Amino acid sequence: MFRTALRNVLAHKARLMMTVLAVMLGVSFVSGTLVFTDTIGSALRKASARSYSDVAVAVTYGDVDHPLPQRLVDEIGRLPGAESTTATVSGFTAIADKEGRLVGDGWSTRGGNYTGTGRYPMLEGRAPHGSSEVALDSRTAERTGYTVGDTLRMSIDGPVMRQKVTGVFSTDDGNVAAGGSLVLFETATAQKLFGKPGSYEEIDVKAAPGTAQATLKAGIEKLLPRYAKDASATTGQNLADEEARRIASDLSSFNTALLSFAGIALFVGIFIIANTFTMLVAQRTKELALLRAVGASRRQVTRSVLVEALVVGVVAGATGFLLGIGIAAVMRAVLASAGALLPDGALAVQPGTAGAALAVGVGVTVLAAWLPARRAAKIPPVAAMSSVHAPATVKGLLLRNTLGALLSAAGAVLVVAGSGMKDNGNMVLGGGAGLLLIGVFVLTPLLSRPVVAAAAPLLRPFGVTGNLARQNSVRNPRRTAATASALMIGLTLITALTVVAISVKTTVDELAAAHLKADYQITMATGQNLSPEVAEKVAGADGVSDSSAVRDAHTELDGEDEWVTGVDAPQIGRLLALDFSHGSLAAVHGESMVVDSDTAERRGWHAGQSLPVRYDDGTKGRLTIGGVFEGGDLINGVIMDNATVTPHTPKAGDMRILVKTAGGASEAHQDSLVKALGENPVIKIQDKAAISRELSSTIDLMLNILYGLLAMAVLVAVLGVINTLAMSVFERKHEIGMLRAIGLDRAAVKRMIRLESLVISFFGAVLGLGLGVFLAWAVGGLIRPDLPSYAMVLPWDRIGVFLAIAALVGVLAALWPARRAARLNVLEAIKAE
Amino acid sequence: MTTTTAHPTATATAARAVDLSKVYGDGETRVVALDAVSVEFRAGEFTAIMGPSGSGKSTLMHCMAGLDTVSSGSARIGDTELSALKDKQLTKLRRDKIGFVFQAFNLLPTLTAAENITLPMDIAGRKADKQWLDRVVDTVGLSERLSHRPSQLSGGQQQRVAVARALASRPEIIFADEPTGNLDSRSGAEILGFLRNSVKELGQTVVMVTHDPVAASYADRVVFLADGRIVDELHGPTADTVLERMKRFDAKGRTS
Ligand SMILES: Nc1ncnc2c1ncn2[C@@H]1O[C@H](COP(=O)(O)OP(=O)(O)OP(=O)(O)O)[C@@H](O)[C@H]1O
Ligand SMILES: [Mg+2]
């Protein structure tokens, strides 16, 4: 029997190719997604991991105003259980490459103090001294081409610094391993730069041999209150545990997102494989019946099919797995070249992935083959050998429709309910969406008739071929449904995400356009605060008519912590346009401030109210609410006059600077701003167009990742359609022969198959688009609390593209089956068997 | 040797084969299915083709109907030489000038009986002649069943739909390959009756392949094939005369 099965596999090459390809794609989709997920996950893990092997106790400061002083370091060093101490201070440090561009991804470029060769072995040159020297990590040095003696342009909080590279060191810092950069200053310089002159952020203590971590910790804790308020000591073990927990939770939402993709991949993969094998066995019904007729037992027939499935599964599973690794590599490269923030690191191929790939490949194939094989074995030999193809039973469909209707209804109810919920709405909505998808999937055979009937007017111009194509496409509703579902699921996801993303983008864009009167916005490329000098330089630049620093300042307002936004009162009216329900921007002046309606509601404030305030320097005063405005992405919370808040807030930072230039944005104005700011790589000067581009770029990037993943689903859908059509052509070869005999020419036969393919594709597409828009509408309910002016926007252009893709799927999938049908030998086809 | 009828076009030739040969394969697998066959099918005549299995009956019909290419010689429908035509023109010729009734797979299961009947005209994008259609449908007795699908019709009814389809577009000639092969004798008799009526009353030309002497007796003329050659011809056949001729070949075949 094994030999029969093997011969069978080899006998039908085209059929075999289709099956292997389907299984392979399914498997590669799954394993590619898993490898991609693991790769990103492990790189992120590595980036945030630190080695705690040498740290027995770590002391960290608790209050910004009370960093760890040098004397504490000395005291700890004198403790009997301490072998050595390493005190560090660090902060964001941007460096420019030789072309002046920012190195790294912003968030992973850091600077710190050089603590000796124990931690940073010097590979070349020497340690940095004084305020104008630095040492650079070897990976960054290699990447940028900087060597000892070069001058490095860098920036910490805005102004450009020019530092001489005196050394290149190696480090096991996870950030650097992941693709970030690290520059080291002499300790005194680092302390000054990172805002803690004469003190540190952290002291790592190494225990003397034989000293327990807890003992050392107890000893250190006794010292702390004397030197640093709120500082705390933690054992290395605790730190390592804590770190592991933190990384896990940091990655968990990311993992959930990617895993849900893997889940979809798995679903679509299983689906296409099961589909293919059902068709394959159905095609072979006669062959199997013949085997039965010549004396093979039921078990032998079943087993021969299973062995065949096993062979196909193993071969396709293995190749699919390899292909998946390739896909993951390509996906990462594509995303990286698109500017995505992806950490470096080797492709992570875990045993689990290989296991999943094989399980899907072999398991699903065998399972998918088993059911139809049993069915085939049950058919009496004679019945199976007649030329009648059994139509789907009505009873089976009735049960199926009832189940599908119940599932869809429950799903839809949950989706709508979830959409209106405040908490956990996303969970309910997600669950409902899953149920709805499954329900509609179960219902597709029922839906195929009305939906295809609705397409009849479109097919009418094609005359009899259009009519035949339409009839044929609903002839086997189950098969049509199964084929269309792959496309449906893919398009549901694409559509829902696209509609939501575009809607958010449009809303945010409109808000920005409506509220921003300034021509330029200046920010740090890294999202950090600008140093106050930047605002001064901007104000003095050529062509600038108005400018205001948008400052972040901490206060205690009405008894609670409140971060207020300081603006330059005389200018702000010409830079912003906010919607006020009471007062106007003119109310931002001296001791008068304005608040957004959400904050007012949350704190129970109202216009005209006078509130007690305590500034960071301890000064107390009173502020009056002069106006209430509608907050948005651009600006929200409490807005007050810089002239009032800045003198009392030594550490206020500028989030952004708004600039209006004489005569509006222009190339010349932009140049003059760039020059005024010293051609600094980390300072971003954006006009309105650039701001909306930036807003859209994150959304676009997210969409592109999704599109990449879902392109796979579309590919799989194409394969499914090819399969179905090839099967139909095979089953209907007598009919096609008869049609050819009575006068249907080759072109018309091709057209008929192509139209059938289009009908199936559009069927899937229409369902997918409908479901997608519905889900997007529901998700809108979850977004509205955060973005009150959110309105759903249907991106017709993209929906058009999706339909075009569906059409393309239809046309492409029909190529081969249509050719086959047109080439059918009329005589062979009509000869009785 | 002509069987004249009252029909005005009776003397014209509907189809003709001259020295028609058909060879399959070559070398050891070479089979001469037709060996220089010359035969004429007159308009308004009902011809039956008989002969032992493998004698080339179907092959002859396929070559005459433009479904298969010939190896040498000529096959004509009316004045049209088939070997000169490309696939597209052949398809058009089949659509416009030829009607077919096969042993099986005659109908499209997705179309109703009525749609099946008008299918060739729908393919051509022609309007069916309503009066003629009604007459054809009446003749084959299908008026009640026009909106049924093939799966709702008996085998005999399905063949009647096939005959109606062949007649509906008024082709110059109808080819039928064992149209009653799958039917019981009563349904078979009905179909044969319709074919004969269509010749007698509607002036149709019909060529039919059959193994059954009773079926052949409905024809005006019987052509006997053996080993790819025409070996005999019989006019105004009855079941008995046909049977007798067949016996003669069998005897000859065995002695030679
Ligand atoms: N495609 C083909 N390839 C090779 N040989 C063929 C082919 N078709 C027919 N033949 C051979 O040609 C000869 C005539 O076949 P044909 O089908 O015309 O016979 P027939 O008279 O219709 O027989 P039957 O009564 O069994 O239908 C047979 O010997 C057959 O084997
Ligand atoms: Mg035959």
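Residues numbered from 1 in each chain as written. Chains lettered and ligands numbered in written order. Predicted model: local features only at pLDDT ≥ 70, side-chain atom pairs only at ≥ 80, totals over all residues. Heavy atoms only, no water.

Once that is clear, we can look at the interface of chain A and chain B. How big an interface is tends to be reported as the loss of accessible area on association of its parts. Chain A puts 23 residues into the contact, and the matching count from chain B is 24 residues. When chain A packs against chain B, the two sides together hide about 2,200 Å² of surface, and 69% of this comes from carbon and sulfur. Interface area lost by chain A to chain B is led by Met738, Ile742 and Leu827 of chain A, which between them contribute 27%. Applying the counting rule to chain A against chain B returns 3 salt bridges. At the surface where chain A touches chain B, the tally comes to 3 residue pairs in polar contact (both at pLDDT 80 or more). At the level of secondary structure, the elements contributing two or more residues to the side of chain A that touches chain B comprise helix H16 (463–473), helix H24 (733–741) and helix H27 (826–830) of chain A. When residues of the side of chain A that touches chain B are assigned to their parent elements, the largest contribution, 6 residues, is made by H24 of chain A. Of the residues belonging to the side of chain A that touches chain B, the class tally is 11 nonpolar, 6 polar and 6 charged. (Contact = heavy atoms within 4.5 Å. Buried area = accessible area lost by both parts, 1.4 Å probe. Salt bridge = Lys/Arg side-chain N within 4 Å of Asp/Glu carboxyl O. Polar contact = N/O pair within 3.5 Å; in protein donor to acceptor, adjacent residues only side chain to side chain. Helix = DSSP H or I, 4+ residues; strand = E, 2+ residues; numbered from the N terminus. Nonpolar A, V, L, I, M, F, W, Y, C, P; charged D, E, K, R; others polar.)

The next thing to look at is the sheet that holds strand S4 (residues 72–77) of chain B. Residue and element names in this part refer to chain B. Strand order across the open sheet formed by 4 strands is S2-S1-S4-S5, with antiparallel pairing between neighbours. The open sheet has two edge strands, strand S2 (31–42) and strand S5 (80–81), and neither has a second partner. Pairing analysis gives 2 bridges linking S4 to S5, with the strands arranged antiparallel. Bridged to Arg76 within S5 is Glu81. In this fold helix H1 (residues 57–64) packs onto strand S1 (13–24), S2 and S4, with an angle of close to 120° to the strand it touches most, S1. (Pairing = 2+ DSSP bridges. Axes fitted to C-alpha atoms, helices over the stretch in contact; angles between N-to-C directions.)

Residue and element names in this part refer to chain B. Mapped onto the fold, Met208 is located in strand S8 (residues 206–209). Judged by relative accessible area, which is 0%, Met208 ranks as buried. Separated by 14 residues in sequence, Met208 and Val222 have C-alpha atoms that sit 9.4 Å apart. Beyond its immediate chain neighbours, meaning those up to four positions away, Met208 contacts Phe46, Thr47, Ala48, Ile49, Ala176, Pro179, Leu192, Leu195 and Ala215. (Buried < 20%, exposed > 50% of the residue type's maximum accessible area, 1.4 Å probe, protein only.)

It is worth spelling out the sheet that holds strand S9 (residues 221–226) of chain B at this point. Residue and element names in this part refer to chain B. The strand order across the open sheet formed by 6 strands is S6-S7-S8-S3-S9-S10, and the pairing between neighbours is mixed. Whereas interior strands pair on both sides, the edge strands pair on one side only; in this sheet they are strand S6 (98–101) and strand S10 (229–235). Across the sheet, the mean angle from the axis of one strand to that of its neighbour is 20°, orientation sign disregarded. Pairing of S6 with strand S7 (residues 173–177) involves 4 bridges; the strand directions are parallel. Paired with Phe100 across the strands is Phe175, a residue of S7.

All right, on to the confidence of the model for chain B then. Residue and element names in this part refer to chain B. For chain B, per-residue confidence averages 85 on the pLDDT scale, and residues scoring 70 or more make up 93% of the total. Here residues 1–10 is a poorly scored stretch, pLDDT under 50, and it has 12 contacts once near neighbours within four places are set aside; other chains count. Listed scores for the predicted complex are pTM 0.69 and ipTM 0.83. (pLDDT = per-residue confidence, 0-100.)

All names here are of chain B. Of note, Thr210 is situated in the loop between S8 and helix H7 (213–216). The class for Thr210 is buried, based on a relative accessible area of 3%. Among the polar contacts listed, one links the side chain of Thr210 to the backbone nitrogen of Asp212, at a separation of 3.0 Å.

With 30 residues, helix H14 (residues 425–454) of chain A extends only 35 Å from end C-alpha to end C-alpha; this falls clearly short of the ideal 44 Å at 1.5 Å per step. Bending of H14 of chain A peaks at approximately 60° at the position of Thr444 of chain A, with proline Pro445 of chain A no more than four residues after it. (Expected span 1.5 Å × (residues − 1). Bend = angle between axes of the 7 residues up to and from the residue.)

Turning to the nonpolar core, a few remarks are in order. The biggest cluster of nonpolar side chains holds 71 residues, and the ones touching the most others in it are Met64, Leu67, Phe100, Ile173 and Phe175 of chain B. The leading source of residues in this core is helix H26 (residues 796–823) of chain A, at 8 residues. Ignoring sequence-local partners within four residues, the contact set of Ile173 of chain B consists of Ala14, Ala15, Phe41, Ile77, Lys97, Ile98, Gly99, Gln204, Thr205 and Val207 of chain B. (Core = buried A, V, L, I, M, F, W, Y, C linked by side-chain atoms within 4.5 Å.)

Here we take up the environment of Ser419 of chain A. Residues and elements named next belong to chain A. Relative to the elements of secondary structure, Ser419 occurs in helix H13 (residues 394–420). Take Ser419: its relative accessible area is 10%, and that puts it in the buried class. Between the C-alpha atom of Ser419 and that of Leu429, which follows or precedes it by 10 residues, the distance is 6.3 Å.

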